[in-house]
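# Summary of structural features
For reference, the chains in residue letters:
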Amino acid sequence: MATGTSGNRLRRLAIPTLVVALITGTTGVAGTASAAPAGSSGNGSGAGYFTAGSDKKVTLTDGADRRPGGDRAATPKAAVDETGSGMYVVELAEDPLTTYTGGVSGLARTRPAAGNRLDVTSTPSQAYRRHLDTQRSSVAAAAGVTVNAVYTTAFNGFSAKLTTQQVSTLRADRRVRAVTVSRALGTPSAPPTATTATAANPTPATSSDADQSAPTDRSGRPAKPGPGTGAGMVIGVLDTGIWPESASFAKKMPAPANWHGTCQAGVAFVAEHCNGKIVGARYFADSWLAGGGSVPEGEFLSPRDASGHGTHTASTAAGLPISNVTIDGRRFGPVTGVAPDAQIAVYKVLWGGMGYDADIIAGIDAAVADGVQVLNFSIGSQLGDWEANTPIGVAFLNASLAGVFVAASAGNTGIVSGAISNAAPWVTTVGAAVTKLDEATAKLGDGTKLVGGSLDALPGGGARPLVFGEQAGSPDLGAVYCEPGSLDPAKIKGKVVACALSDMFGSAAEIKAKGGAAMVVFDPVGNYRINSIFNFPVVYLPTEKQAGALFNYLMRHPTDATVSLRTGGDGSSVPGIPSVADFSSTGPDKVTLGVFKPDLVAPGSNIIAAVSPAGNFGRQYDAYSGTSMASPYVAGAAAILRATHPDWSPGAVASALRTTATDTVGTSNPLEQGSGFINLPRATDPGLVIEPTAAELIEFSETTEPDGKALNLPAISLREYDGTRPVTLTRTLTNVGKARETYRSSVSGLPGMKVTVSPASVTLAPGKSATVTITLRRGSAPWDRYVTGSITWQGKAHSARIPVAARPWGIAARPYADDGEEFARMANGAFGMVQPGFTGPLVGRSTGYTPMRRTSYSMPAGVYGGVFDPSATGVKKVDFTVPANTAGIVVEANTADPNTNLDLYLYKGGTLVYSSDRFWTSAEQAYKFLPEPGRYTAYVFAQYPGGPVVDFELGHAIIGRNAKYSGATLTLPSTSERGQGFNFTLKPNKPLAEGDFWAYTEYSTNGTVVPGNLVYTQQSSWQ
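In this numbering scheme, every chain counts its residues from 1 along its sequence in written order. In view of the model being predicted, local features appear only for residues whose pLDDT reaches at least 70, and side-chain atom pairs are presented and counted only at 80 or more, with totals across whole chains, interfaces and linings using the full set of residues. The side-chain figures draw on all heavy atoms in the structure; neither hydrogens nor water molecules are used.

### Comments concerning the overall build of the protein
Helix and strand counts for the protein stand at 14 helices and 52 strands. Working definition: with a 1.4 Å probe on protein chains only, accessible area under 20% of the residue-type maximum means buried, over 50% means exposed, and in between means partly exposed. Looking at the 1023 residues of the protein, the share that counts as buried comes to 61%. We call two residues in contact whenever any of their non-hydrogen atoms come within 4.5 Å of each other. When contacts within the protein are restricted to residue pairs at least 6 apart in sequence, those whose partners lie at least 24 apart make up 75%. Here, Shrake-Rupley sampling with a 1.4 Å probe gives the accessible areas, and only protein chains in the shown set may cover a residue. Of the roughly 35,800 Å² of accessible surface on the protein, a fraction of 51% belongs to carbon and sulfur atoms. Put simply, DSSP H or I for four residues or longer makes a helix, DSSP E for two residues or longer makes a strand, and each gets a number counted from the N terminus.

If you want it as structure tokens, here you go:
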């Protein structure tokens, strides 16, 4: 869709960014928001986070501070300047306390034995730390470096502001393992835009403001501490801090044995805020400030949370049971953390939603030294992981080796890139699931029902007048988005107002202030399904299809549009419950071969939890969505498992959570759901565990380009395997049950692949292990695409399942996706290139060239700057049939009118296959490689018509896989080598007619056929 000036109907688009949340509801340990009937009384909280957009979508991992007073200028412009000078993390060669096993004369081992915990106060630990201090000082002095932050427990090194010469000196020092540019990370979402509910720097509540009543469970009975509630465990939360006055933390508790943490005072935070439920609190900003950052306006230089993200994650993991949460007077029922009797240790490492990895490592280092058993990390990078074995990843490895379980958010890039954050194999990477519908229905005056979402009380009753914001105010002031100050009160009083998506809180406030009855929000480019609480009737329609239906209804009824709004729907907004949230980042890990991510999914949509009133309209509780919310759910579950099974390692806990997970509704694809949806009751008694050894993980961490497929993980990932050869792996199964049991293996899914498990069954006594060999062959599975499935070991009393995803590398490594837009699939016949994933003799063939068939069309113009809807004016529908055994289809649209902008949509039935909406040109192209046969429909949409009639040309080519077209000669080398690209040409045997032509190429090696490219050539009249 085009962007434009104020004359354009939709001059910019925006998307809500995701945050995080606790869980509320009516069943289970914790649940999603479940509102009581409208009109209930109470006092509460609940704002979701949305970012205003520019003229394109923002990334979901945008960590900019966009609260009132938030200022990106507070962020350092870059960790290093153009000369390479700036903030760095320096890792020294010697092991930190968590992994030191001896070797230095006179210094005993500090790494704890399996099942034991690190004791930083022991004589060996204190002695070894003095040794590390001495070595660090010597290294820094030799390079003339002033040390900033110091690490000794989970990471051995320091952060410092370095010149390029100092970087060179340190990298040449044998006592230094690595010198890495410090990087900024943030929460996988941005805080709210343009909110005005609270002062920038409010006065914190005193402890007397908190509810000090005894916590109760959902039945109202006093909660009983025990292993099933996480008693005795400490969950460390690396985040934006905490709001200590919240009722979710209002319980005095003694510090557990061997706790070494502290309560660090600071602005609006005193030692008394650590009441035992909050057992410790620290903040880390040294590197952030030394690197040029500042404390944003409204922030607290202390563990106090200004945004709400850290409070939300902490209470999700371990908040106390609250009998009833009310938000803006509306009851949402009871809420509780997953492990309500676990204690919370706070490590504030983000400032305005952003922070340096150097400070995060300091937080990890302190958390491990303090004695946490579980860490939650709802932090990531904007575009997912950028490399394997980062300094943060190494710190988490060392924490894991010391017995600390790490849960981390996968990221919220599901509708953008899918890129995964926190993909290290020793981290449990968590995606988000929808576990509560929270639907609302808007019924238009023509009978069309649009099912969206809402967490607000809706007016119900009969139809009400509906007006488009653009028609009820000043377009130049943003009336299309219902921006503050843009609407005319006389035109919206008592009416429902439809607004294009921008700042939903600002839009709702504008309509409420001007006397409107409700707001319906639509997104012209489609978005993800989340809700927030606006204290005003708001229905959000997230899909592009819904936006088109609503927009074009408004255009047909500029003066007599009506709508009725009601809570509830027909379930069509999601495939079912639970389902993978559409914003949740998807696998595979784009950085490391052989690592399966996400590990599993947990509740992460419309989650109610405690927040900071300072960043949430003064609310104490709020609804957030995001993988940030799902991660602390798993952290709480891990605390329960560790309390129940104190002898289990972090790897055993991770395995139990994964092998017992269940399929979500709508997909069983592990690239989306990982092992599936968390099932905590089953995880407490998994029967088998599959966990990697410390030696395996350490070797992985020390490899420049690691491949994790051979790690003893409860999953198998073959992202770029050689499909001409079998792959043989092993997995070691350990019986953690109480009885001898026989497990029989079975394979499901993996269409076309041949998988064998040997031995097919194993019998294990308690505590005993067996190693099985798994052989996977491609068989008839497609090349350059994933097939997925699972291997299950079924016993009499237990069952353990591991997911499998395999993509044989044919001609293109590392695809962006497994959809129609396949990397390197389209080529020019004059200079095509292939990068094979196999080695051997090479033979090729081609279908020859078939012409692109073009037809001219005219259609009446629709709305200038409109929104696509198949039934709208200004849309041309063209059907065509794709036969079986088709190599590819290519559809193109163009117009000679420079004032017309076309968009192109390709559907199969009701499913969108491909969309092409380049705003800078009307030369649109949609394609699909190896398409399913059937009826396809191309829709050409004149998004900006240049006149009352739109003239355009639509072309399409259907290339049969075994067809023979106008002959062409394929020239390529006689052999291929895995990973080594080669050039080919496909030259017509005789001159072709004027126009565009397409062909299909195919390769074979030792009789194995590998699909090639769709190849293009053009013949012009002047040739």
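And the narrative resumes.
### Some points on the sheet that holds strand 26 (residues 688-689)
Across the sheet, which stays open at both edges, the four strands sit in the order 26-28-32-30 with antiparallel pairing between neighbours. The strands lining the two open edges of the sheet, one partner per strand, are strand 26 and strand 30 (754-758). Here, a strand pair is defined by DSSP locating no fewer than two bridges between the strands.

### Brief notes about the packing of helix 1 (residues 123-143) against helix 2 (residues 164-171)
A pair of packed helices is characterised by two quantities: the angle between their axes and the separation of those axes. It is at 9 Å that the axes of helix 1 and helix 2 come closest, and there the two elements cross at 130 degrees. Between helix 1 and helix 2, the interaxial angle falls into the category oblique. As helix 1 runs across helix 2, the sense of the crossing is right-handed. For the pair helix 1 and helix 2, the contacting residues are Val139, Ala142 and Ala143 in the first and Gln166, Thr169 and Leu170 in the second. All residues other than Ala, Val, Leu, Ile, Met, Phe, Trp, Tyr, Cys, Pro, Asp, Glu, Lys and Arg, Gly among them, are scored as polar; the first ten of these are nonpolar and the last four charged. Classifying every residue of the contact of helix 1 with helix 2 by side-chain character gives four nonpolar, two polar and no charged. For helices, the axis comes from a line fit to the C-alpha atoms of the stretch in contact; other axes are also lines fit to C-alpha atoms, and the angle between any two N-to-C directions lies between 0 and 180 degrees. Should an angle lie under 35 degrees it is considered roughly parallel, over 145 roughly antiparallel, and from 65 to 115 roughly perpendicular; all remaining angles are considered oblique. Handedness of a helix crossing follows the sense of rotation of the near helix relative to the far helix, less than a right angle counterclockwise being left-handed and clockwise being right-handed.

### Here we look at the nonpolar core
One recurring pattern in soluble globular proteins: nonpolar side chains tend to sit buried together. Counting residues in each nonpolar core, the largest one holds 63 residues, and the members touching the most others are Tyr347, Ile364, Val372, Leu375 and Phe396. No other element matches the nine residues that helix 5 (residues 357-370) contributes to this core. Excluding residues that lie within four positions of it along the chain, phenylalanine 396 makes contacts with Leu238, Ile364, Leu375, Phe377, Val406, Trp426 and Val427. Here the nonpolar core consists of buried residues drawn from Ala, Val, Leu, Ile, Met, Phe, Trp, Tyr and Cys, with membership extended through side-chain atoms lying within 4.5 Å. Core analysis: the second largest hydrophobic core is formed by 51 residues, Ala339, Ala630, Ala643 and Ala683 among them.

### Comments concerning the environment of glutamate 544
Looking at where glutamate 544 falls in the secondary structure, it is placed in helix 9 (residues 544-556). On a C-alpha basis, the gap between glutamate 544 and aspartate 523 in space is 6.2 Å, while along the polypeptide they are 21 residues apart. The contacts of glutamate 544, once residues within four sequence positions are left out, are Asp523, Pro524, Val525, Gly526, Phe868 and Tyr905. We call two N or O atoms a polar contact when they sit within 3.5 Å, provided that within protein one can donate a hydrogen and the other can accept it, with sequence-adjacent residues counted only if both atoms are side-chain atoms. There is a polar contact of 3.0 Å between the side chain of glutamate 544 and the side chain of tyrosine 905.

### A few points about the side chain of serine 246
Relative to the assigned elements, serine 246 resides in the loop between strand 6 (234-239) and strand 7 (278-283). Since its relative accessible area comes to 0%, serine 246 is described here as buried. Leave out the neighbours within four places in its chain, and serine 246 touches Ala610, Gln620 and Tyr621.

### Describing the state of the cysteines
Criterion for a disulfide: a pair of cysteine sulfur atoms at a distance within 2.5 Å. Per the counting criterion, the structure on display carries two disulfides. Paired through a disulfide, cysteine 263 and cysteine 274 show a sulfur-sulfur distance of 2.1 Å. The sign of the 80 degrees torsion about the S-S bond sets the cysteine 263-cysteine 274 disulfide as right-handed. Highlighted residues: cysteine 263 in the loop between strand 6 and strand 7 and cysteine 274 in the loop between strand 6 and strand 7, separated in sequence by eleven residues. For the residue pair cysteine 263 and cysteine 274, the accessibility class agrees, reading buried in each case. Bridging cysteine 482 to cysteine 499, the disulfide has an S-S length of 2.0 Å. Taking the torsion about the S-S bond as the criterion, the cysteine 482 to cysteine 499 disulfide, at about -90 degrees, is left-handed. With a gap of 17 residues between them, cysteine 482 in the loop between strand 17 (464-468) and helix 7 (489-492) and cysteine 499 in strand 18 (residues 496-500) connect regions that are remote in the sequence. No difference in accessibility class separates cysteine 482 from cysteine 499, as the two residues are buried. Across the protein, the disulfide pattern expressed with sequentially numbered bonded cysteines is 1-2, 3-4.

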